[in-house]
Amino acid sequence: MTAPGLDPVDRRLLAASQGGLPLCPQPYHDLAGRLGLAPEDVMARFRRLLASGVIRRIGAVPNHYALGWRANGMSVWDVDDRRIGDLGPKVGALAFVTHCYRRPRRPPLWPYNLFAMVHGRTRAEVDRQVLEIARLLGDASRAHDVLLSTRILKKTGLRLT
Amino acid sequence: MDDIDRRLVNALQGGFPIAERPFAEVGAMLGLDEQEVIARLQTLLDDRTLSRFGPMIDVDRLGGGLTLAAMAVPDERFDEVADIVNGFDEVAHNYQRTHALNMWFVIATEDPAEVERTIRRIERATGLEVLNLPKLEEYFLELKLSA
């Protein structure tokens, strides 16, 4: 399966680096050597992929738990459809919210349409954050819940094959 | 993890340089030499303080498919079902959460049509219903957490 619009060489580059950049003094040169490309070409391609947003960033992905962020909550809200467009970005702008999305409701099992991920060192910290979101949403939110993550079962990211 | 590790993790979340000697550049910012940056990073990956170090691909920009899915898994089947779900390459993340819907996973595929097919395959393999909750709008995404 090939992604539409992705240059085949870019694709090989992403496939070779998605598991991680080589930990050596010249990681881009190392990748270039493995792929039979010039190091300048590899660096130019990474710059273009970053500029176009195909790569969000190159960096470290922390394990929240290992960094001491032991309380990781997915707060979910049933927000008035007429007001979610205004309120969603405000919730997303709160410093402690790391992801914020609108998603479909699936009644009756799932009545919530706004998802905001919050992270604290303790459960009490998460509770305070949720309270702050509740105050911001006010009567636009009819109900909410907080789903704490109790175990990371898998964390790999997209796999290009 | 010591203070130097914390500063390194914070610095590396922000964006790794694209340069001839990127680890040396990171080191220069932190007052570390290149080899120490590499050695500390290797340790942080080995002890799982970091789950990954490298490019983070935006599946949407790639034209791929992405969704959040949830399942209500009976407790006595939880580990068995987790193994089945994790066995799918299309499942990028999977978390256990405190709710009747107790398994939440992200499906990421190069071909958007594969999302729906993957959901059907997971339903057949587990005998459980999968709730598909694709993103309708993104209000914010920021993965940085201070160490």
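Quick notes on the rules
- Residues numbered from 1 in each chain as written.
- Chains lettered and ligands numbered in written order.
- Predicted model: local features only at pLDDT ≥ 70, side-chain atom pairs only at ≥ 80, totals over all residues.
- pLDDT = per-residue confidence, 0-100.
- Helix = DSSP H or I, 4+ residues; strand = E, 2+ residues; numbered from the N terminus.
- Buried ≥ 20, exposed ≤ 12 C-beta atoms within 10 Å, placed from the backbone.
- Arc of directions from axis to C-beta.
- Pairing = 2+ DSSP bridges.
- Contact = placed C-beta atoms within 7 Å.
- Nonpolar A, V, L, I, M, F, W, Y, C, P; charged D, E, K, R; others polar.

Caption draft 1: How the structure looks around the confidence of the model for chain A. When pLDDT is averaged along chain A, the result is 90, and 94% of the positions lie at 70 or above. The secondary-structure element of chain A with the lowest mean pLDDT is strand S1 (residues 55-62) of chain A, recorded at 88, while helix H2 (residues 27-35) of chain A shows the highest, at 97.

Caption draft 2: Spotlight on the environment of Glu40 of chain A. All names here are of chain A. Examined against the element boundaries, Glu40 turns out to sit in helix H3 (residues 39-52). Of the residues examined, Glu40 has 12 C-beta atoms within 10 Å and is grouped as exposed. Separated by 44 residues in sequence, Glu40 and Ile84 place their C-alpha atoms 46 Å apart.

Caption draft 3: Here's a closer look at helix H4 (residues 84-93) of chain A. Residue and element names in this part refer to chain A. All of the buried residues along H4 are Ile84, Leu87, Gly88, Val91 and Gly92. Each buried residue of H4 sits inside an arc of 140° when the element is viewed along its axis, so together they form one side. Counted as exposed and oriented over 90 degrees from the buried face of H4: Gly85, Asp86 and Ala93.

Caption draft 4: The arrangement of the pairing of strand S4 (residues 103-109) of chain B in detail. Residue and element names in this part refer to chain B. Here S4 lies mainly inside the structure; seven of its seven residues are buried. What you see with S4 is no split at all: Met103, Phe105, Ile107 and Thr109 on one side and Trp104, Val106 and Ala108 on the other are buried throughout. In terms of strand pairing, strand S3 (residues 91-97) meets S4 through five bridges, oriented antiparallel. Across the sheet, Tyr95 pairs through a bridge with Trp104, a residue of S4. If you look at the hairpin formed by S3 and S4, you'll find five residues sitting between the two strands.

Caption draft 5: Broad picture of unusual backbone geometry. Cis rather than trans, the peptide bond between Pro107 of chain A and Pro108 of chain A has omega equal to 5°. As for its placement among the helices and strands, Pro108 of chain A is situated in the loop between strand S3 (97-102) and strand S4 (114-120). In the Ramachandran plot, Arg48 of chain B falls in the positive-phi region, its phi being about 70° despite a non-glycine side chain. As for its placement among the helices and strands, Arg48 of chain B is situated in the loop between helix H3 (34-46) and strand S1 (50-57).

Caption draft 6: Representation of the interface of chain B and chain A. Counting from both sides, the interface comprises 63 residues of chain B and, opposite them, 69 residues of chain A. Among the secondary structure elements, those contributing two or more residues to the side of chain B that touches chain A are helix H1 (3-14), helix H2 (22-30), H3, S1, helix H4 (78-86), S3, strand S5 (131-133) and strand S6 (137-141) of chain B. Ranked by the residues each element gives to the side of chain B that touches chain A, the list is headed by S1 of chain B, at eight residues. By residue class, the composition of the side of chain B that touches chain A is 32 nonpolar, 15 polar and 16 charged. Pairing of strand S5 (residues 141-155) of chain A with S3 of chain B involves five bridges; the strand directions are antiparallel. Looking at S3 of chain B, one finds that Lys154 of chain A is bridged to Asn94 of chain B.

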